[in-house]
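# Report on the structure
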Amino acid sequence: MAEAYIVGAVRTPVGKKKGGLSTVHPVDLAAHTLKALVDRTGVDPEAVEDVILGCVMQFGPQSLDIARNAWLSAGLPESVPGVTIDRQCGSSQQAIHFAAQGVMSGTQDLVVAGGVESMSIVPMGSSVKAALDMGMPFPFGEGWVARYGKQEISQFRGAELMCEKWGFTRERLEQYAYESHQRAAKAIANGHFRDQIEPVNGVTDDEGPRPDTTLEKMAELKTLREGGVITAATSSQISDGSGAVLIASERAVREHNLTPRARVVQLGLAGDDPVYMLTAPIPATRKALQKAGLSIDDIDVVEINEAFAPVPLAWIEELGADPARVNPNGGAIALGHPLGGTGAILMTKLLHELERTGGRYGLQTMCEGGGQANVTIIERL
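Report follows, based on the coordinates.

Cut-offs applied
- Residues numbered from 1 in each chain as written.
- Predicted model: local features only at pLDDT ≥ 70, side-chain atom pairs only at ≥ 80, totals over all residues.
- Heavy atoms only, no water.
- Helix = DSSP H or I, 4+ residues; strand = E, 2+ residues; numbered from the N terminus.
- Rg over C-alpha atoms; globule rule 2.2 N^0.38 Å.
- Contact = heavy atoms within 4.5 Å.
- Areas by Shrake-Rupley, 256 points an atom, 1.4 Å probe, with all protein chains shown as cover.
- Core = buried A, V, L, I, M, F, W, Y, C linked by side-chain atoms within 4.5 Å.
- Buried < 20%, exposed > 50% of the residue type's maximum accessible area, 1.4 Å probe, protein only.
- Salt bridge = Lys/Arg side-chain N within 4 Å of Asp/Glu carboxyl O.
- Pairing = 2+ DSSP bridges.
- Expected span 1.5 Å × (residues − 1).
- Patch = residues over 30% accessible without salt bridge, like charges linked within 9 Å, V, L, I, M, F, W, Y side chains within 5 Å.
- Phe/Tyr/Trp six-rings, centres within 6.5 Å; stacked < 30°, edge-to-face > 60°.

This part takes up the overall build of the protein chain. When helices and strands are counted, the protein chain shows 13 helices and 10 strands. Over its C-alpha trace the protein chain gives a radius of gyration of 20 Å, about what one expects of a compact globule, namely 21 Å for 381 residues. Counting only C-alpha atoms, the protein chain reaches 60 × 50 × 45 Å along its principal axes. Residue pairs at least 24 apart in sequence account for 82% of intrachain contacts in the protein chain once pairs closer than 6 positions are excluded. For the protein chain, the exposed surface amounts to about 15,300 Å²; the carbon and sulfur share of it is 49%.

Grouped together as the largest cluster of nonpolar side chains are 43 residues, with contacts concentrated most on Leu278, Leu289, Ile299, Trp315, Leu363 and Ile377. Within the residue set of this core, elements represented by two or more residues are helix H6 (155–166), helix H7 (170–189), strand S7 (262–271), helix H10 (281–292), strand S8 (301–304), helix H11 (310–319), strand S9 (361–368) and strand S10 (372–380). With 6 residues, H11 is the largest single contributor of residues to this core. Setting aside chain neighbours within four positions, we find Leu278 in contact with Gln155, Gly158, Ala159, Met162, Phe308, Val311 and Cys367. Among the nonpolar cores identified, the runner-up in size contains 36 residues, and Val27, Leu37, Val51 and Trp71 belong to it.

Once their charged atoms are close, side chains differing in charge can pair, the charge on each being opposite to the other. Counted by the stated rule, this structure contains 16 salt bridges. Here Asp39 ties to Lys35 by a salt bridge, and the two come within 3.0 Å at their closest N and O atoms. In this pair, Asp39 and Lys35 are both assigned in helix H1 (residues 26–41), 4 residues apart and thus about one turn of the helix distant. Of the residues examined, Asp39 reaches a relative accessible area of 47% and is grouped as partly exposed. On the basis of relative accessible area, Lys35 is assigned to the partly exposed category, the value being 35%.

Next up on the list: the pairing of strand S6 (residues 239–248). If a strand is regular, its side chains alternate between the two faces of the sheet. Of all the 10 residues making up S6, 10 are buried; the element is thus mostly covered by neighbouring parts of the structure. In S6, alternate side chains face the same way, and those of Ser239, Gly241, Gly243, Val245 and Ile247 on one face and Asp240, Ser242, Ala244, Leu246 and Ala248 on the other are all buried. Sheet topology note: the strand S1 (residues 5–11)/S6 ladder contains 6 bridges and is antiparallel. The residue bridging Ala9 from the neighbouring strand is Val245, located in S6. In this structure, strand S5 (residues 110–118) lies alongside S6, joined through 9 bridges in antiparallel fashion. Looking at S6, one finds that Gly115 is bridged to Gly243.

Time to look at helix H3 (residues 91–104). Given a rise of 1.5 Å per residue, 14 residues ought to cover 20 Å, and the 20 Å separating the end C-alpha atoms of H3 matches this to within 8%. Of all the 14 residues making up H3, 12 are buried; the element is thus mostly covered by neighbouring parts of the structure. Within the span of H3, buried status applies to Ser91, Ser92, Gln93, Gln94, Ala95, Ile96, His97, Ala99, Ala100, Gly102, Val103 and Met104. A positive backbone phi angle near 85° is found at Gly106, which sits one or two residues after H3.

Here we come to a nonpolar patch on the surface. Together, Met124, Phe156 and Leu224 give the surface a local cluster of nonpolar side chains, amounting to about 260 Å² of exposed area. On the secondary structure map, Leu224 appears in the loop between helix H8 (215–219) and S6. Among the residues examined, Leu224 registers a relative accessible area of 42% and is labelled partly exposed.

So, about the packing of aromatic side chains. Considering all chains together, one arrives at 4 aromatic pairs under this definition. With 4.2 Å between their ring centres and 20° between their planes, Phe140 and Trp144 make a pair best called stacked. We classify Trp144 as partly exposed; its relative accessible area is 23%. A centroid spacing of 5.8 Å and a plane angle of 80° characterise the contact between Phe156 and Phe308, whose relative ring orientation is edge-to-face. Note that Phe156 is positioned in helix H6 and Phe308 in the loop between S8 and H11, a separation of 152 residues in sequence.

Bear in mind that shape data such as this cannot, by itself, settle questions of function.
Structure follows, in structure tokens:
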């Protein structure tokens, strides 16, 4: 099987809800990243064979194949097609998988993968709400209801169920969230994100981290569910952002004089209980490590999406991972989670952190709607 190499990775800063990126059209937000990727790598855009972007709320400004529209909005060649995919929160990580698989199969040599989400402009759940307002059925059909019953299916319930199963207290969740903010604030202060971010609309840094937050402030917040332990402080932030990655074959690296920065080692997937929804990174990681012939101790840097604090906490506990290697520069609790853009943003962070620290292997994973998860293992070159 052919090798797939990452030769470029760039992201926008992650903007907070109604923050500095909230007035940027999502097509232009993605276009900004795509143009930056082409400029930074020096690749001939005519040679790109496909543009694969993840986007969750493919509604309104994010509809009509935003991958194609963003490429054209960036002023890039009309000859290059684009496709938009939805694997919920893992959409742009899946875009990276599809791009790498195209290269590894030998059918493609240069593919752009990434994602975008403007949650300020297209709120979460917009498409479902619009459908229900028009009298359309709910997304779950009769067969699904017959299998799982008429019960609440939501990420918020799933997070609470995880806390019950693993015995996570509110205090433990808040301690984790506090550390996420502290790590993110330190990373920004030390310039760890500077090279990976392409400023947009005057915004140069991630807007989410709160370096002055305290455990006392977190303890004052109401829980999101009556009798629960999850609060806004231990949940990922509603955000706007985009990321993009260029995947190349060995032939493309040679012919276009590109510099490979990492090798794709393993691409993994798994499904788990859709009611718990958020637990699939655990079995997905086990499968990916086994197929790669690696142990968790071989992984130098982990990026696991902090959809809610129990997700990384349970993953660390079950995998026996070193917490210091997991989200070393903070995660979505502090930095935000722009849904379809998060996978590419995490991959950009992962690659740059491996390069900064000299680590060899990096692993990225995230929970996704429907009880799914992607896992990507890369090796720095």
